[in-house]
Amino acid sequence: GGGTSPTMSCLSEPVDDSPISSSKTCKEASFADSKEDKIGDDARTQRSEKKTQTRRKKRKGDAHDTKPTVLYRAIISPSDVRRTYSKVLLNAFNSCDERRLTEVLETYCVESIVGIHRYEGVQNPYGSRNVTTVKGKSLVLPMWCMLFKSAPDFFFQTLDTQCFVDKESRMVVASKFKWSGTRIMDVKVAEATNEIVLRRKLANKKRFDASELDLLRELTGEQREPIQRQEESGLFYGRGDMVLEGPEDNGDAAICFQLDKPLAQTLEMRCQGSFIVYLNDLNRIYQYEFVYISMDEVEANEANAATTAK
């Protein structure tokens, strides 16, 4: 007759020769097909999500069951000269020679080098501060020069060195060490304020009360050398973390290190730990970190573990 031919999606449906019923039948069949397709898509999505959850659980279980390891992407060749960078610095420290340390800092380090000294035990036995951070060559060099004098027999023994690229794409050189020394002098941290700065403050006298103005006049009138004001006694002493930064470009103030006084009783120091240096793209050291613990604490922990195991 005059009816339209059914589409391929309507082959399984009864065919009416009228254009209206034929069109209606095709729409119903197409809707049924799309509904089945949607159900199939939902099922596939659920199966995919279930597989993803299973993989995540497995990875989580594996991470829990395995021991933590050092994360790195590539181990550096044994012949790579960068493997020696940590030892170069440690040897400079061992020399107790300001000139040699200056040369090493100039050759291998950036101007804004950051030095971190981190005690990883419960309590630093050489003072109450567990973390000290020093920023800039202008502080790193004098700090070590003061340490040279405060414990002139200190010595780093390198045990093992690794060189690798870590997960943050940083070049890392890490050396395990043992360290010993005898502290005979205390070290203090002081703020050196230039006389010019004090005169500048006097020019803005409205900002200060009368008593401070009198003090400033007295200082600028009698003091011709940079004025030393003690900020903190003992480099590794005092509560909380300590962050020392070098002077700003304007030279208004600077942190300096000075020997304070001989200790009433010498302090024997024995530590072990890791010395880690980080290199930038130009293969210059931009940060070093000492992570250490007292041998006395290590031995005490081992004794406690042995007692508990019995």
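This text goes with the structure placed above it.
Given the structure is predicted, the values throughout are model-derived calculations rather than measurements.

> Honestly, the packing of aromatic side chains in this entry has me stumped. Any pointers?
The geometry of an aromatic ring pair is captured by two quantities: the separation of the ring centres and the angle between the planes. Using the criterion set out here, one finds 20 aromatic pairs in the structure. Ring plane angle 50 degrees and centroid distance 5.8 Å describe the contact between W144 and F290, whose orientation is recorded as tilted. Of the two residues, W144 is situated in helix α4 (residues 137–150) and F290 in strand β9 (residues 285–294); the sequence distance between them amounts to 146 residues. Assigned by exposure class, W144 and F290 land together as buried. Judged by centre distance (5.8 Å) and plane angle (85 degrees), the ring pair of F177 and F290 falls under edge-to-face. Highlighted residues: F177 in strand β5 (residues 171–193) and F290 in strand β9, separated in sequence by 113 residues. Assessed through its relative accessible area of 3%, F290 is described here as buried. Three or more aromatic residues joined by ring pairs make a cluster, and in this case those are F93, W144, F148, F154, F156, F177, W179, F275, Y288 and F290.

> Honestly, helix α3 (residues 98–108) in this entry has me stumped. Any pointers?
The α-helix advances 3.6 residues per turn, and as a result positions three or four apart in sequence lie on the same side. Residues L101, V104 and L105 constitute the buried set of α3. Down the axis of α3, the smallest arc covering the buried residues is 100 degrees, so these residues share one side. Each element contacted by the buried residues of α3 is listed here: α2 (85–95), β2 (109–119) and α4. For α3, the N-terminal cap is D97; the gap from its side-chain oxygen to the backbone nitrogen of R99 is 2.9 Å.

> Where do I start with the nonpolar core in this structure?
It is characteristic of soluble globular proteins that their nonpolar side chains tend to be buried jointly. F93, W144, F156, F275, V277, Y288 and F290 are the most contacted members of the largest nonpolar core, which has 50 residues in total. Here the element with the most residues in this core is α4; it accounts for nine residues. Among residues more than four places away in sequence, those in contact with V277 are Y85, S86, L89, M171, V172, V173, I285, Q287 and Y288.

> Can you walk me through unusual backbone geometry in this structure?
The phi torsion at C96 lies on the positive side, around 50 degrees, for a residue other than glycine. Checked against the element boundaries, C96 lands in the loop between α2 and α3. Overall, C96 belongs to the partly exposed group, its relative accessible area being 26%. One non-glycine residue, N283, adopts positive backbone phi at about 60 degrees. Look at N283 and you get partly exposed, because its relative accessible area is 29%.

> Got a minute to help me understand the pattern of salt bridges in this structure?
When charged atoms on two side chains of opposite charge get close, those side chains can pair. Taken as a whole, this structure holds eight salt bridges when the rule is applied. Note that R170 is salt-bridged to D166, the shortest N-O span being 2.9 Å. Of the residues examined, D166 reaches a relative accessible area of 8% and is grouped as buried. Linking E299 and R270 is a salt bridge whose minimum nitrogen-to-oxygen distance equals 3.4 Å. Highlighted residues: E299 in helix α7 (residues 295–309) and R270 in strand β8 (residues 253–279), separated in sequence by 29 residues. For E299, a relative accessible area of 37% gives the class partly exposed.

> What is the right way to look at the side chain of R82 in this model?
Secondary-structure assignment places R82 in the loop between β1 (72–75) and α2. Residues in contact with R82, not counting those within four places in the same chain, are I76, M171, V173, L279 and N283.

> Sorry if this is basic, but what is going on with α4 here?
Taking 1.5 Å per residue, 14 residues should reach 20 Å; α4 reaches 20 Å between its end C-alpha atoms and fits that length. For α4, a buried count of eleven out of 14 residues is recorded, marking the element as mostly surrounded by other parts of the structure. Within the sequence span of α4, burial applies to K137, L139, V140, L141, M143, W144, C145, M146, L147, F148 and S150.

> Would you mind showing me how to read the packing of α2 against α3 here?
Helices that pack against each other are described as a pair by the angle of their axes relative to one another and the distance between those axes. Packing of α2 against α3 leaves a shortest axis separation of 8 Å and a crossing angle of 160 degrees. Considered as vectors, α2 and α3 are oriented roughly antiparallel to each other. Of the two elements, α2 crosses α3, and the hand of that crossing is left-handed. Counted together, Y85, V88, L89, N91, A92, F93 and S95 of α2 and R100, L101, V104, L105 and Y108 of α3 form the full contact between these two elements. Broken down by class, the residue content of the contact of α2 with α3 amounts to nine nonpolar, two polar and one charged.

Rules used throughout
- Every residue gets a number counted from 1 within its own chain, in the order that chain's sequence is written.
- Per-residue local features of the predicted model are confined to residues with pLDDT of at least 70, and side-chain atom pairs are confined, for both listing and counting, to 80 or more; whole-chain, interface and lining totals are unaffected and use all residues.
- Side-chain metrics rest on all non-hydrogen atoms present in the structure, leaving aside hydrogens and water.
- Any pair of Phe, Tyr and Trp rings, taking the six-membered ring for Trp, is counted once the centres come within 6.5 Å. Such a pair is stacked with planes under 30 degrees apart, edge-to-face with planes over 60 apart, and tilted for the rest.
- Comment: elements are numbered from the N terminus, with helices defined as DSSP H or I runs of at least four residues and strands as E runs of at least two.
- Three exposure classes are used, based on accessible area relative to the maximum for each residue type with a 1.4 Å probe and protein chains only: buried under 20%, partly exposed in between, and exposed over 50%.
- Note that the arc is defined by the directions from the helix axis to the C-beta atoms.
- Note on definitions: a residue-residue contact is assigned when non-hydrogen atoms from the two residues lie within 4.5 Å.
- For the purposes of these results, a polar contact is taken to be a pair of N or O atoms within 3.5 Å, where, inside protein, one atom must be able to donate a hydrogen and its partner to accept one; residues adjacent in sequence count only when each atom of the pair is a side-chain atom.
- Throughout this description, the term nonpolar core refers to a set of buried Ala, Val, Leu, Ile, Met, Phe, Trp, Tyr and Cys residues connected via side-chain atoms within 4.5 Å.
- Counted as salt bridges are all cases of a side-chain nitrogen of Lys or Arg within 4 Å of a carboxyl oxygen of Asp or Glu.
- Given the number of residues in a helix, its expected span is that number minus one, multiplied by 1.5 Å.
- Geometry is summarised by axes, namely lines fitted to C-alpha atoms with helices restricted to the contacting stretch, and by angles between N-to-C directions that run from 0 to 180 degrees.
- When describing relative orientation, an angle under 35 degrees is termed roughly parallel and one over 145 degrees roughly antiparallel, while 65 to 115 degrees is termed roughly perpendicular and anything else oblique.
- Helix crossings are classified by the rotation of the near helix relative to the far one: an anticlockwise turn of less than a right angle makes the crossing left-handed, while a clockwise turn makes it right-handed.
- All residues other than Ala, Val, Leu, Ile, Met, Phe, Trp, Tyr, Cys, Pro, Asp, Glu, Lys and Arg, Gly among them, are scored as polar; the first ten of these are nonpolar and the last four charged.

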